[in-house]
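Here's the letter readout for the chains.
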Amino acid sequence: MAPAEPTLPPPPPEAAEHSRVLAERIAEAIVAEGDWMPFSRFMEMALYEPGLGYYAAGARKFGAEGDFITAPEVSPLFARCIALQARQVLEATGGPILELGPGSGVLAADLFAELLSQGAAPQTYLMLEPSPDLRERQQRLIAERHPQHRDHFTWITELPPKLRGFVIANEVLDVVPCALVRRDGDKYLERGVALTDAGFAWDDQPMAPGSDLERRVEAAFPPGDYDYLSEVNLAAEGLVRTIAASLEAGVAIFIDYGFAEREYYHPQRSMGTMRCHYRHRFHGDPFFLPGLQDITAHVDFTAMAKAAEAAGADVLGFTTQAYFLISCGLAVMVSAGDPTMTLSRLQSTSAVHRLISPAEMGELFKVLAIGRGFDAPLLGFQSARPLQL
Ligand SMILES: C[S@@+](CC[C@H](N)C(=O)[O-])C[C@H]1O[C@@H](n2cnc3c(N)ncnc32)[C@H](O)[C@@H]1O
């Protein structure tokens, strides 16, 4: 539909056809929904439309051959740090590990392997994965990596009503469909998508007065009457609230790129944080090849923490990924490696650099811990510099 940005590599013909079919499906929905759809609905269809959306269908997504790389794909040291944090929680609360959005399944495989090597593997590792394609990939990886322990893993498509144990969600909240809101003078408009002869186009509409979205932006946007565009993710808050409400005893850790509210809605961040990922290029056009690229937005961690507290959970920590991993013992793990294995040592040093360097994932990525019935200081925050929410 919308013309491709010239610098982005063209897809092979069958992928282009796949995208065309999804774009047509979205166009039909726009017409059926009154010639306009909110951006959140566009993002939902582009990512999750059954059989066609980016996460619902077979695009490769992760790793060097895909569109982006996540921390568990960078190095198994990430999973080893999470394993130590999980172990501390599980020793106190019992119960399973629940991973939200396990992607390729590599975090689950590495985390379980680490706990197994410590004699601390959980009886049950739950994987909540809405994408049938990814579920299959995860099942294949677990069968390959843990053939003797396959029965420890269970795939679910809905959150259990009651949760006990350790919950981990890495880079999940940023792909939950968000609303885009634009302030134009003294008016707030919800940004949506309409159809033109040239394809999809932005179309901003007045918001329903008194809606949750309107109340939120009035409170969160920086004062002033200058043009300002940002995201609000009520659905991600809903997800955190549901997890917090179902936690009977345990800890949930959310890792993602984002900021506390005052930095998120900084006056200078007037164009928002929504970004698309296509073959390791980042750009701002969500209409480019729907179904073949990821669409994400940074996470407002203050909103997530408030959602958890509103459901009766405690906020147990908020820091950068770098501080969290170091507090979990990352530096010790690297220096304890066999010094004669120079190559693997060097590889892990460059992976560690990627995980903790402020120029890479170390500072932009944050870690938020919420919990209930867990009073001890969490390992990952014990020696970490706390950030303000
Ligand atoms: C960017 S990938 C991250 C994958 C993996 N956690 C990693 O770090 O490599 C996002 C994952 O979240 C899943 N996802 C999207 N919405 C979700 C939801 N509401 N609940 C659970 N998982 C979700 C996607 O299908 C995908 O597996």
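Our structure's up above, just so we're on the same page.
Figured I'd write up the structure that's included with this text. (Residues numbered from 1 in each chain as written. Predicted model: local features only at pLDDT ≥ 70, side-chain atom pairs only at ≥ 80, totals over all residues. Heavy atoms only, no water.)

### As for the environment of Ala56
- Within the fold, Ala56 resides in the loop between α2 (39–48) and α3 (71–74).
- Linking Ala56 and Arg281, residues 225 residues apart in sequence, is a C-alpha distance of 21 Å.
- Apart from the residues within four sequence positions on either side, Ala56 is in contact with Leu47, Tyr48, Glu49, Pro50, Gly51, Ser131, Pro132 and Asp133. (Helix = DSSP H or I, 4+ residues; strand = E, 2+ residues; numbered from the N terminus. Contact = heavy atoms within 4.5 Å.)

### Re helix α4 (residues 76–93)
- Compared with an ideal rise of 1.5 Å per residue, which puts 18 residues at 26 Å, α4 spans 25 Å between its outermost C-alpha atoms and is within 8% of the ideal.
- Those residues of α4 that sit buried are Leu77, Phe78, Ala79, Cys81, Ile82, Ala83, Gln85, Ala86, Val89, Leu90 and Thr93.
- Here α4 starts with a cap whose side-chain oxygen sits 2.9 Å from the backbone nitrogen of Leu77, and that cap is Ser75. (Expected span 1.5 Å × (residues − 1). Buried < 20%, exposed > 50% of the residue type's maximum accessible area, 1.4 Å probe, protein only. Polar contact = N/O pair within 3.5 Å; in protein donor to acceptor, adjacent residues only side chain to side chain.)

### Here we look at the pairing of strand β10 (residues 247–259)
- Burial analysis of β10 places twelve of its 13 residues in the buried class, which makes it a mostly covered element.
- Of the strand pairs in this sheet, strand β5 (residues 163–170) and β10 are connected by eight bridges, and their pairing is parallel. Bridge pairing links Ala169 to Phe254 in β10.
- Of the strand pairs in this sheet, β10 and strand β14 (residues 299–300) are connected by two bridges, and their pairing is parallel. When the sheet's bridge partners are listed, Gly258 is paired in β14 with Val299. (Pairing = 2+ DSSP bridges.)

### A closer look at the side chain of Lys61
- For Lys61, the location among the structural elements is in the loop between α2 and α3.
- For Lys61, a relative accessible area of 0% puts it in the buried group.
- One polar contact links the side chain of Lys61 to the main-chain carbonyl oxygen of Ala57, over a distance of 3.0 Å.
- With residues near it in sequence (within four places) discarded, Lys61 still touches Tyr54, Tyr55, Gly66, Asp67, Phe68, Asp133, Leu134 and Arg137.

### Description of the site of the ligand
- In the vicinity of the ligand, 18 residues are found, and the nearest of them are Tyr48, Thr70, Gly101, Glu129 and Asn170.
- Here an oxygen atom of the ligand sits 2.6 Å away from a polar atom, N or O, in the side chain of Thr70.
- Gly101 places a main-chain nitrogen or oxygen 2.7 Å from a nitrogen atom of the ligand.
- Calculation on the ligand without its partners gives an accessible area of 600 Å², and the protein chains cover 92% of this total. (Near = heavy atom within 4 Å. Areas by Shrake-Rupley, 256 points an atom, 1.4 Å probe, with all protein chains shown as cover.)

### As for the sheet that holds strand β12 (residues 281–283)
- The antiparallel open sheet is built from three strands, whose spatial order is β12-β11-β13. Because the sheet does not close on itself, it has two edges, and the strands there are β12 and β13 (294–296). Across the sheet, the mean angle separating the axes of adjacent strands is 25° when strand polarity is ignored.
- Inspection of the sheet shows strand β11 (residues 275–278) paired to β13 by three bridges, in the antiparallel sense. Each bridged residue has a counterpart across the sheet, and for Cys276 the counterpart in β13 is Ile295. (Axes fitted to C-alpha atoms, helices over the stretch in contact; angles between N-to-C directions.)

### Observations concerning the nonpolar core
- If you look at the biggest cluster of nonpolar residues, it comprises 47 residues, and the most contacted ones within it are Ile82, Ile97, Leu111, Phe166 and Ile253.
- Looking at this core, the element that brings in the most residues is α4, giving nine residues.
- Counting residues in each nonpolar core, the second largest holds 30 residues, with Ala244, Phe254, Ala260 and Ile370 among its members. (Core = buried A, V, L, I, M, F, W, Y, C linked by side-chain atoms within 4.5 Å.)

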